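Breakdown of the fold
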Amino acid sequence: MSTGKSVENKSLFDRLLDFFSHITIIFTGVALVFMTVIFGWLVFGRYVLNATPTWVEQVSLLLVVYIGFLGASVGVHQKTHLGVSVFREMSPKPVRRIFDFLSYGTLIGFGLIMVVYGYKLTVFKWDAEIPLIRVSEGWRSLPIMLSGGFVFLYSIGHLIHFFNDKNQEDNE
């Protein structure tokens, strides 16, 4: 998916990362469809039934957090995340490789920070309740931790490819 390699040439780790990415895309897609349906229900309830379903706002806020964080982690895997690449593109190849290394290293650190502090936040908020839908407030911070874990793993995968590509260049 993300590296353009054939399935036969991919390592088990690459296939696992692709699997995580694929499942995440399916989950976020289903969440987006569900959010669209419940907003349809909100409009129908408000204007046709004259009874606004109050739970829709809280459920949609919860879904937006999952869609946003998990979708961003897939962007890291597929290298479609937001980035400023002007200086990288203007630079000679050795400097570009330094930028790539620094980028992957920074993302690894950022992913770890998201896991650690996302976990702490989830544990801290677990006893509180989201109003109107009566589920734990920890469900809102759980995607921070999950996304951080995926960003960490995807960046490790990119770093592995970074060093493997360098070794292939040296052999040519």
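The notes below deal with the structure included here. All figures in this text were calculated on a predicted structure; none of them were measured in a lab.

Rules used throughout
- Residues numbered from 1 in each chain as written.
- Predicted model: local features only at pLDDT ≥ 70, side-chain atom pairs only at ≥ 80, totals over all residues.
- Heavy atoms only, no water.
- Helix = DSSP H or I, 4+ residues; strand = E, 2+ residues; numbered from the N terminus.
- Rg over C-alpha atoms; globule rule 2.2 N^0.38 Å.
- Buried < 20%, exposed > 50% of the residue type's maximum accessible area, 1.4 Å probe, protein only.
- Contact = heavy atoms within 4.5 Å.
- Areas by Shrake-Rupley, 256 points an atom, 1.4 Å probe, with all protein chains shown as cover.
- Lys, Arg positive; Asp, Glu negative; His and termini not counted.
- Charge placed at Lys NZ, Arg CZ, Asp CG, Glu CD.
- Salt bridge = Lys/Arg side-chain N within 4 Å of Asp/Glu carboxyl O.
- Phe/Tyr/Trp six-rings, centres within 6.5 Å; stacked < 30°, edge-to-face > 60°.
- 1 Å grid on protein atoms, 1.4 Å probe; cavity = no way out; pocket = protein on both sides within 12 Å on 5 of 7 lines; lining within 4 Å.
- Points joined across faces, edges and corners; volume = space filled by probe spheres on them.
- Nonpolar A, V, L, I, M, F, W, Y, C, P; charged D, E, K, R; others polar.

Assigned secondary structure in the protein chain consists of five helices and zero strands. Moving toward the C terminus, one meets the helices and strands of the protein chain in the order α-α-α-α-α. On C-alpha atoms alone, the protein chain measures out to a radius of gyration of 20 Å, which is more than a quarter above the 16 Å that the 2.2 N^0.38 rule sets for 172 residues. When its C-alpha atoms are laid out on the principal axes, the protein chain stretches across 70 × 35 × 35 Å. Counting only residues that meet the buried cut, the protein chain has 33% of its 172 residues in that class. Counted over contacts in the protein chain with a minimum sequence separation of 6, partners at least 24 positions apart contribute 69%. When the accessible surface of the protein chain is summed, it comes to about 10,900 Å², and 69% of that surface belongs to carbon and sulfur atoms. When the 14 positive and 13 negative side-chain charges of the protein chain are each reduced to one mean point, those points stand 3 Å apart.

Below, the discussion takes up unusual backbone geometry. Phi is positive for Lys 79, close to 55 degrees, though the residue is something other than glycine. One non-glycine residue with positive phi stands out, namely Arg 134, at about 55 degrees. For Arg 134, the position within the fold is in the loop between helix H4 (93–125) and helix H5 (138–171).

Moving on: the pattern of salt bridges. Overall, the coordinates contain six salt bridges when judged by the stated rule. The shortest N-O distance in the salt bridge between Glu 89 and Arg 88 comes to 2.7 Å. Glu 129 is paired through a salt bridge with Arg 134; the nearest N and O atoms lie 3.5 Å apart. For Glu 129, a relative accessible area of 44% corresponds to the partly exposed category.

Attention now moves to the packing of aromatic side chains. Summed over the entire model, instances satisfying the criterion amount to 10 aromatic pairs. Between the aromatic rings of Phe 101 and Phe 162, the centroid separation amounts to 5.8 Å while the plane-to-plane angle is 40 degrees, which identifies the pairing as tilted. With Phe 101 in helix H4 and Phe 162 in helix H5, this pair connects stretches of sequence that are 61 residues apart. For Phe 101, a relative accessible area of 37% corresponds to the partly exposed category. Taking the centre distance of 6.3 Å and the plane angle of 75 degrees together, the rings of Tyr 104 and Phe 162 count as edge-to-face. Of this pair, Tyr 104 sits in helix H4 while Phe 162 is found in helix H5, placing the two residues 58 residues apart along the sequence. In terms of burial, Tyr 104 and Phe 162 fall into one category: buried. An aromatic cluster is built from Phe 19, Phe 20, Phe 150 and Tyr 154, whose rings are joined through pairwise contacts.

Taken as a whole, the largest pocket holds about 360 Å³ of empty space. In this structure, the largest pocket is lined by 14 residues; those nearest its centre are His 81, Val 84, Arg 88, Asp 100 and Ser 103. Elements with a contribution of two residues or more to the lining of the largest pocket: helix H3 (86–90) and H4. Here the lining of the largest pocket takes five residues from H4, the largest share from any one element. Tallied by class, the residues present in the lining of the largest pocket amount to five nonpolar, five polar and four charged.

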